[in-house]
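# Tertiary structure, described
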Amino acid sequence: MNRTLLAFFEACVSSMFFIPALAWLHRKRFHDLHKAVRYGTLAFYLSAIYSLAGLPQILYCSFDANCNFQPFLYMFSDWRSTGLNVLLFVPLGMMLPLMWADFRPLWKTLLAGFGISFFIETLQLFSLRATDINDLMTNTAGTLVGYCIGWFILKMSARLAPPDSH
C-alpha cells in the first residue's frame, strides 16, 4: 500500500510540471492540442513506469546479479505481482498503435513492449532488484492485451465515424 501511495504522490507532484509542459508542447511544438495530449500522456506514462519499476539512481548504482532465468518459476504463486506486471504494459500496447500507424502490425508493438521490458530488467541488475524472465513475459503479455484493446478501439472508431459527405 505504501508503494501505491508513493506512486500517487509522485504523480501529483509530477503533474505540476506535466501540465505546463503540455501547454508548452501545444503552443511551441505541435499546434494541435490532441497531438500534444497524446505525446504528453505517453511521456507521463513512461515516467510512471520509471517510477514504479524501481530503476537505479546514479548515486546508488551497484551490481547485484539477483536473476531468475527459469520461466514460470514462482510465477503462478505470486498472482498479484504477475497481474500488476501485465497491467503495467497494457497502456503501452494501446498507445503505440493508436498514436503511430507504424505500430499497427502486432509484431512491431510486441517488439517495442519486449524491448522496453528488457531494458528495464537489464537496468534492475544495478538497482538491487531482481531481474526476472517472468517479468519480461508478463510485460510482453500486457503489451499484447493492450494491443488487442487498441485494435478494438480503432475498429470501433472506424465504424462509428460518419461517412464522408463528398
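For the structure, see preceding data.
The model shown is predicted, which means the values in this text are computed figures rather than measured ones.

## So, the overall build of the protein
- Within the protein one finds 5 helices and 2 strands.
- Of all 166 residues assigned to the protein, the portion counted as buried reaches 27%.
- Across the protein, the fraction of contacts at a sequence separation of at least 24, relative to all contacts at a separation of at least 6, is 75%.
- Put simply, the protein shows about 11400 Å² of open surface, and 71% of that area lies on carbon and sulfur atoms.

## Let's talk about helix α4 (residues 106-123)
- Given a rise of 1.5 Å per residue, 18 residues ought to cover 26 Å, and the 26 Å separating the end C-alpha atoms of α4 matches this to within 8%.
- Residues of α4 that are buried: Thr109, Ala112, Gly113, Ser117, Ile120 and Glu121. All buried residues of α4 lie within an arc of 165° about the axis, which places them on one face of the element. Set apart from the buried face of α4 by more than 90 degrees, the exposed residues are Trp107, Leu111 and Phe119.

## Comments concerning the side chain of glutamate 121
- Looking at where glutamate 121 falls in the secondary structure, it is placed in helix α4.
- A polar contact is formed between the side chain of glutamate 121 and the backbone nitrogen of aspartate 132, at a distance of 3.0 Å.
- Beyond its immediate sequence surroundings of up to four residues, glutamate 121 is in contact with Ala130, Thr131, Asp132, Asp135 and Asn139.

## Some points on the environment of phenylalanine 114
- Here phenylalanine 114 lies in helix α4.
- Separated by 23 residues in the primary sequence, phenylalanine 114 and methionine 137 have C-alpha atoms spaced 8.0 Å apart.
- Those residues within four positions of phenylalanine 114 in sequence are excluded, and the remaining contacts are Leu136 and Thr140.

## Some details on helix α3 (residues 79-99)
- Helix length check: α3 (21 residues) gives 31 Å between terminal C-alpha atoms against 30 Å at 1.5 Å per residue, within 8%.
- Listed as buried for α3 are Thr82, Asn85, Leu88, Phe89, Val90, Leu92, Gly93, Met95, Leu96, Pro97 and Met99.

## Overview of a nonpolar patch on the surface
- A surface patch of nonpolar side chains, about 460 Å² in accessible area, is lined by Val145, Ile149, Trp151, Phe152 and Ile153.
- Looking at the element boundaries, phenylalanine 152 is found in helix α5 (residues 133-160).

## Some words on the packing of helix α2 (residues 33-53) against α3
- With their axes 11 Å apart at the nearest point, α2 and α3 run at an angle of 155° to one another. Relative to α3, the element α2 is oriented roughly antiparallel. The handedness of the crossing between α2 and α3 is left-handed. Seen from α2, the contacting residues are Arg38, Tyr39, Thr41, Leu42, Tyr45, Ile49 and Leu52; seen from α3, they are Leu88, Phe89, Pro91, Leu92, Met95 and Met99.

## Quick look at the packing of aromatic side chains
- Taken as a whole and judged by the stated rule, the model has 3 aromatic pairs.
- For the pair tyrosine 39 and tryptophan 100, a centre-to-centre distance of 5.6 Å together with 80° between the ring planes defines the contact as edge-to-face. Of this pair, tyrosine 39 sits in helix α2 while tryptophan 100 is found in the loop between α3 and α4, placing the two residues 61 residues apart along the sequence.
- Grouping aromatic residues by their ring pairs yields a cluster made of Tyr39, Trp100 and Phe103.

Parameters and conventions
- Residues numbered from 1 in each chain as written.
- Predicted model: local features only at pLDDT ≥ 70, side-chain atom pairs only at ≥ 80, totals over all residues.
- Heavy atoms only, no water.
- Helix = DSSP H or I, 4+ residues; strand = E, 2+ residues; numbered from the N terminus.
- Buried < 20%, exposed > 50% of the residue type's maximum accessible area, 1.4 Å probe, protein only.
- Contact = heavy atoms within 4.5 Å.
- Areas by Shrake-Rupley, 256 points an atom, 1.4 Å probe, with all protein chains shown as cover.
- Expected span 1.5 Å × (residues − 1).
- Arc of directions from axis to C-beta.
- Polar contact = N/O pair within 3.5 Å; in protein donor to acceptor, adjacent residues only side chain to side chain.
- Patch = residues over 30% accessible without salt bridge, like charges linked within 9 Å, V, L, I, M, F, W, Y side chains within 5 Å.
- Salt bridge = Lys/Arg side-chain N within 4 Å of Asp/Glu carboxyl O.
- Axes fitted to C-alpha atoms, helices over the stretch in contact; angles between N-to-C directions.
- Parallel < 35°, antiparallel > 145°, perpendicular 65-115°, else oblique.
- Left-handed = near helix turned anticlockwise from the far one by under 90°.
- Phe/Tyr/Trp six-rings, centres within 6.5 Å; stacked < 30°, edge-to-face > 60°.

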